[in-house]
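Residue strings, one per chain:
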Amino acid sequence: MAVITKIRNYSGLLIAVIGIGLAAFVLGDFLGYGPMRTQRFDVGKADGQAITYMQFENRVQQQLANWQNQTGMSAGPRESFQVRQQVWNEMLREILMADVFESLGIDVTAEELFHMIYSDDPHPILRQSFSDPATGRYEPQEVVNFLRNFNQLDPGVRNQWLMIEEYIKNDQREKKYHDLIGKGYLATSALASADFINRNTSADIRFVYKPHTAIDDDEITISDRELRRVYEEHNHRFRQEASRSISYVSLPVFPSEEDRENTLNEVVSLKEEFAAADNVRAFVNSMSDIRFDPSYYGRGELSPNIDPDIFNMPVGSIIGPYVENNSYVLARLVDVRLRPDSMRASHILIAYRGSAAAGPDITRTYAAAQQKADSILQVVRANPRRFASLATQFSDDPSAAMNQGDLDWFPDGAMVAPFNEAVVENPTGSVFTVETDFGFHVVNVTGKSAMTNKVQVAFLAREILPGNRTYQQAFSQISTFASELRAGKDFDAAAEDAGLNVRQADRIGMMDMTLPGIEHGRQIVQWAFDDNTGRGNVSRIFELENNFVVARLTAKQDKGIPALEDIRSNIMDIAIREKKMAMIADELKSFMQEGSDLEVLAEKLSLEVKEAKNLNFNSRNLPGVGPEPVVIGNLFASGDMEVIGPLKGNNGVFVLQVMRKDEGIVPDDLNPVRRTLQTGFMNRVPGQAFQAIKDNARIEDNRAMFF
């Protein structure tokens, strides 16, 4: 994507970079670099290899900068959190897989990398980046042109290319590793034959079934010894990551009627001044919660509160105040023009030191950049056909190496304002220069759509927010609640007296972001996982998203298999179920000793005989019952007309009779079956292989200490 299509927030990125430096300085002692510390804290470790704070945060800031360049927006708390999760997973995978590659001697040679970059069958990421958008055809020459000018490219672009190369190499290493594992799978003829039979053998059955719910739980007594036995047999099912459980109260601070009225009065008081303002842009930027938008809009593109009325008003007219997006808004018609909906242009960017597009390698002065742009303009006007080659040779927009400066069609308003307006105002075929924050552009307008009537509207908006009095009242209420807790009052009782609802969040993960009703709850999660926070402790008052929150830690679950007492109710449910199943099985067995007729058995037990037809070995469900793999597996191991049981299933105990079984006839050619099995094995390798590596790795995750 072209440089000027991205309205980059360089100040935000600069702040982030400075923030990293300040963090390194201020947190030096904490991170283990200061004179008072000998221990170094890292974001995490994987098989003994540290992921340092600086390594991790630098990667995060790179990803955030990429996200900002792609979207044109700064990342919010949720996006930043997601990027940190992604970076952690990436770095973990890189470290663990690097150990595997080294131990197995898996690598990518220079010749392989060359082939994946320059051949007609490149790596998919290159095909995606260097294909003609119109035809989808890969253009190897574009890669050659790009790399030919590599040293002249922006350092950020060069760094991105190096990251792409490393990605290609890692991806190829993993492909080799997966192929190595995949070759170990062999779909033999015997396996293919068994699979074909399992899929093509069908059976009809009749069965009698008594669910375990037929016996009330209150009728069952479980001794401590029985409970311990069931725990030892089933505790692996409850293996867990570290988690915490909390109860909390959340007091939202909503604007009062007084706040709404005050906001409305503020907007109304500005209406006359807004209508009389000569410099509308300056007035809006100084008085409104949203900045002036110079864009022009057609019918149907504005809010229903003003569209289409504003198209029929004289310039200077004001609509409002009206409520939109929790704000009181005034809309003033600033201008009406005929403009195209979309345009096409090519450009050659000449950046100068200090411009928004200038990297460390751009040293030319403002005057030198202007002079160079003027010189190129004269050459292009003399010979327009040279525009593409000059863009490839001289443009400081990295995309020029791939598109020869052609920006393709773009909507009105999509480009940075000076560039956008210059293209609107100049006719198709014209060549000129224009200055933006990115530098000087030599521009060739190559196309415009039909002209339509558009309006420029200035919006003066004031968000309806809680006022100081509203905040004070809410804080007083939550403070009274917190003081009662410090005095020893029960959490639930204090909440009830304060008119607050207690919410529960069970098994919060160490890196969870949200809590029920709280989108950005990291502060509470960090408090819950702090080593100094014990069960029953109450937090300080958190102020989050116009909410005051007080939490209490109700449970701490450590990583691994929990103690019996921590999962007692779960184990008790299993023990009761198993005991009921055993009782039902004994009951059925007793009646079966008198005969194996299903009708007689059903009559004695006040049950009914059910039927299931066209089952096969891969079936999971019994009609009217649910998932019963054990029952289905047993019926295909029996003979025709054989009565089987009692069988303990998922939902109860069964006695069944096979009425018909038609076995599939194995075909002479099993190759299609073998290929299907082999493909299934191979498809499982990438995910399951890394998961196995991860499960057996020594991973230390300290992210919660930092973020």
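Our subject is the structure that appears above.
To start, this report covers the structure provided alongside it. Position labels on residues start from 1 in each chain and follow its written sequence. The model is predicted, so local features are restricted to residues of pLDDT at least 70 and side-chain atom pairs to those at 80 or more, both for listing and for counting; the totals for chains, interfaces and linings are taken over all residues. Note that the side-chain values use all heavy atoms of the structure and ignore hydrogens as well as water.

This part is about the packing of helix α12 (residues 366-382) against helix α13 (residues 387-394). Axis lines are fitted through C-alpha atoms, for helices just across the contact stretch, and the angle between N-to-C directions can take any value from 0 to 180 degrees. Per the convention used, a helix needs a DSSP run of H or I reaching at least four residues, while a strand needs a run of E reaching at least two, with both numbered from the N terminus. It is the contact of α12 with α13, at a shortest axis distance of 10 Å, that shows an interaxial angle of 155°. Taken together, the axis directions place α12 and α13 in an arrangement best described as roughly antiparallel. Handedness of the crossing formed by α12 with α13: right-handed. Between α12, through Lys372, Ile376, Val379 and Val380, and α13, the contact on the second element is made entirely by Phe387, Leu390 and Phe394. Following the grouping adopted for this structure description, the nonpolar residues are Ala, Val, Leu, Ile, Met, Phe, Trp, Tyr, Cys and Pro, the charged ones are Asp, Glu, Lys and Arg, and the polar ones are all others, Gly among them. Per-class residue counts for the contact of α12 with α13 are six nonpolar, no polar and one charged. Here the word oblique covers every angle except those under 35 degrees (roughly parallel), over 145 (roughly antiparallel) and from 65 to 115 (roughly perpendicular). Should the near helix be turned counterclockwise from the far one by less than a right angle, the crossing is left-handed, whereas a clockwise turn marks it as right-handed. For this analysis, residues touch if any pair of their heavy atoms sits within 4.5 Å.

Let us look at the side chain of aspartate 307. With respect to the helices, strands and loops of the structure, aspartate 307 is situated in the loop between β5 (296-297) and β6 (318-324). The classification of residues rests on relative accessible area computed with a 1.4 Å probe and restricted to protein chains. Under 20% of the type maximum is buried, over 50% is exposed, and intermediate values are partly exposed. Charged residues are defined narrowly, with Lys and Arg counted positive, Asp and Glu counted negative, and His plus the chain ends left uncounted. Counted as salt bridges are all cases of a side-chain nitrogen of Lys or Arg within 4 Å of a carboxyl oxygen of Asp or Glu. Of the side chains with opposite charge, arginine 299 comes closest to the buried, unpaired aspartate 307, at an N-O distance of 5.3 Å. We call two N or O atoms a polar contact when they sit within 3.5 Å, provided that within protein one can donate a hydrogen and the other can accept it, with sequence-adjacent residues counted only if both atoms are side-chain atoms. Of the polar contacts made by the side chain of aspartate 307, one reaches the backbone nitrogen of glycine 300; its length is 2.5 Å. A distance of 3.4 Å separates the side chain of aspartate 307 from the backbone nitrogen of glutamate 301, its partner in a polar contact. Setting aside residues no more than four positions away along its own chain, aspartate 307 makes contact with Gly298, Arg299, Gly300, Glu301 and Leu302.

Right, let's talk about the sheet that holds strand β3 (residues 202-211) for a bit. Two pairing modes exist for strands in a sheet, parallel and antiparallel, and in both the strands are linked by backbone hydrogen bonds. Spatially, the four strands line up as an open sheet ordered β16-β3-β20-β19, and their pairing is antiparallel. What marks the edges here is a single partner per strand, and that holds for β16 (609-616) and β19 (643-648). Geometrically, the sheet is characterised by an average inter-axis angle of 30° between neighbouring strands, direction not taken into account. Each pair of strands is called paired provided DSSP finds at least two bridges between the two strands. Here six bridges tie β3 to β16, and the two strands are oriented antiparallel to one another. Of the residues in β16, the one forming a bridge with valine 208 is valine 609. Along the sheet face, helix α19 (residues 568-592) touches β3, β19 and β20 (652-662) and points at about 160° away from the line of β19.

Right, let's get into the packing of aromatic side chains. Each aromatic pair joins two rings of Phe, Tyr and Trp (for Trp, the six-membered one) with centres within 6.5 Å, and gets the label stacked for planes under 30 degrees apart, edge-to-face for over 60, and tilted for any other angle. In the structure shown here, the tally under the stated rule is 12 aromatic pairs. Look at phenylalanine 274 and phenylalanine 283: their rings are 5.7 Å apart centre to centre, the planes differ by 15°, and that puts the pair in the stacked class. Among the residues examined, phenylalanine 274 registers a relative accessible area of 0% and is labelled buried. With a relative accessible area of 9%, phenylalanine 283 lands in the buried category.

Moving on: the pattern of salt bridges. Going through the model one piece at a time under the given rule, you end up with 38 salt bridges. Across the salt bridge formed by lysine 580 and aspartate 217, the nearest N and O atoms sit 2.7 Å from each other. With a gap of 363 residues between them, lysine 580 in helix α19 and aspartate 217 in the loop between β3 and α9 (224-234) connect regions that are remote in the sequence. Residue glutamate 484 is joined to lysine 489 by a salt bridge in which the shortest nitrogen-to-oxygen separation is 3.8 Å. Taking relative accessible area as the criterion, lysine 489 reaches 32% and is therefore assigned partly exposed. Beyond isolated ion pairs, a larger network of salt bridges with shared partners links Asp335, Arg337, Arg339, Asp341, Asp412, Glu421 and Lys454.

Here the focus is the sheet that holds strand β13 (residues 502-509). Taken in spatial order, the four strands make up an open sheet running β13-β4-β15-β14, and their pairing is antiparallel. Bordering the open sheet on either side are β13 and β14 (542-544), each of which pairs with just one other strand. Ignoring which end each strand starts from, the neighbouring axes of this sheet average 40° apart. Sitting on the sheet, helix α16 (residues 468-486) touches β4 (243-252), β14 and β15 (547-557), and the angle it makes with β15 is about 30°.

As far as function goes, none of this settles anything; it's purely spatial.
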